[in-house]
Amino acid sequence: MTATPYPLERLYSDQDRDWVIDTIPAVVAWVPGTSKKLRNQPFRFPVVRSSGGEVHEGVLELSWDESALLVHDSQVFEKAKRYATRRTVVAEKLTEVAAVGLSLVAISAWMPGRRVISCNLFAAPDLLFDVTPNALRGVECAGRAAGGRRALSQLAAEKRPTLVANPNLAEVTLSLWSKSARFTLLEQVKA
């Protein structure tokens, strides 16, 4: 299986700071597991990527350098701790925000040169590369606290028909993440 290393601090150069600054603390709070073994870097997510009928399996090896993250956001670990200890009003959104952050990582790692230019509120896809009316291009993100491959396959089956049937979408990729039973599913459902 091909390993794709990705240092989280690289996200600040790969994507616009506006999309990164709020998601990295969630990623830092969400990704590490509770056991010592799961808390060690790099954090490995088995990944299945599919596009145009081709399927690729590999592993995302996510890591971060604390001092490098602090250069970009001096409060990143304070924010992550607030998420982890549920001392923020947005704690219930941790999985959702972490999935968006990890989707930004996936875009940067496997869609080189693609940059998110907008966020789609209350409609799919969540992250947009192009805001051309009736020809949106982007990534639909979701996360699950548990369930691994099975849970993400079910989620993809639920989301796929709506995305394919949407006439306003020219291109959309699903970016789905599971924390316990780490797993990632990236599927281009419309091209």
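Now for a look at the structure at hand. The model shown is predicted, which means the values in this text are computed figures rather than measured ones.

1. A few points about the overall build of the chain
Inference 1: Of the regular secondary structure elements, the chain holds seven helices and eight strands.
Inference 2: Relative to the 2.2 N^0.38 estimate, which gives 16 Å for 191 residues, the radius of gyration of the chain is 16 Å and therefore close to what a compact globule would have.
Inference 3: Here the C-alpha coordinates of the chain stretch approximately 45 × 30 × 30 Å along the principal axes.
Inference 4: In the chain, once contacts between residues fewer than 6 apart in sequence are set aside, the share between residues at least 24 apart is 62%.
Inference 5: Total accessible area on the chain stands at roughly 9800 Å², and carbon and sulfur atoms take up 51% of it.

2. Looking at unusual backbone geometry
Inference 1: In this structure, the amide linkage connecting Gln41 to the following residue, Pro42, adopts the cis form with an omega of -5°.
Inference 2: As for its position among the elements, Pro42 is in the loop between helix H3 (24–30) and strand S2 (43–51).
Inference 3: Omega for the peptide link from Ala124 to Pro125 comes to -5°, which places this bond in the cis form.
Inference 4: Inspection of the secondary structure assignment puts Pro125 in the loop between strand S4 (118–119) and strand S5 (127–130).
Inference 5: Of note, Arg86 is a non-glycine position whose phi angle comes to about 60°, a positive value.
Inference 6: Tracing the sequence through the fold places Arg86 in the loop between helix H5 (76–84) and helix H6 (94–110).
Inference 7: With relative accessibility at 61%, the residue Arg86 sits in the exposed group.
Inference 8: Unusually for a residue other than glycine, Asn134 sits at a positive phi of about 65°.
Inference 9: The residue Asn134 is located in the loop between S5 and strand S6 (136–146) in this model.

3. Concerning the pattern of salt bridges
Inference 1: As enumerated under the stated definition, the model contains eight salt bridges in all.
Inference 2: The salt bridge involving Arg10 is made with Asp14; its shortest N-O contact spans 2.9 Å.
Inference 3: With a closest N to O distance of 2.9 Å, Glu140 and Lys159 form a salt bridge. You can see Glu140 sitting in strand S6 and its partner Lys159 sitting in helix H7 (residues 148–165), a full 19 residues away along the chain.
Inference 4: By relative accessible area, Lys159 is classed as partly exposed at 21%.
Inference 5: One connected set of salt bridges, linked through shared partners, spans Arg114, Arg137 and Glu171.

Reading the values: rules and limits
Residues numbered from 1 in each chain as written. Predicted model: local features only at pLDDT ≥ 70, side-chain atom pairs only at ≥ 80, totals over all residues. Heavy atoms only, no water. Helix = DSSP H or I, 4+ residues; strand = E, 2+ residues; numbered from the N terminus. Rg over C-alpha atoms; globule rule 2.2 N^0.38 Å. Contact = heavy atoms within 4.5 Å. Areas by Shrake-Rupley, 256 points an atom, 1.4 Å probe, with all protein chains shown as cover. Buried < 20%, exposed > 50% of the residue type's maximum accessible area, 1.4 Å probe, protein only. Salt bridge = Lys/Arg side-chain N within 4 Å of Asp/Glu carboxyl O.

These figures capture arrangement, not role.
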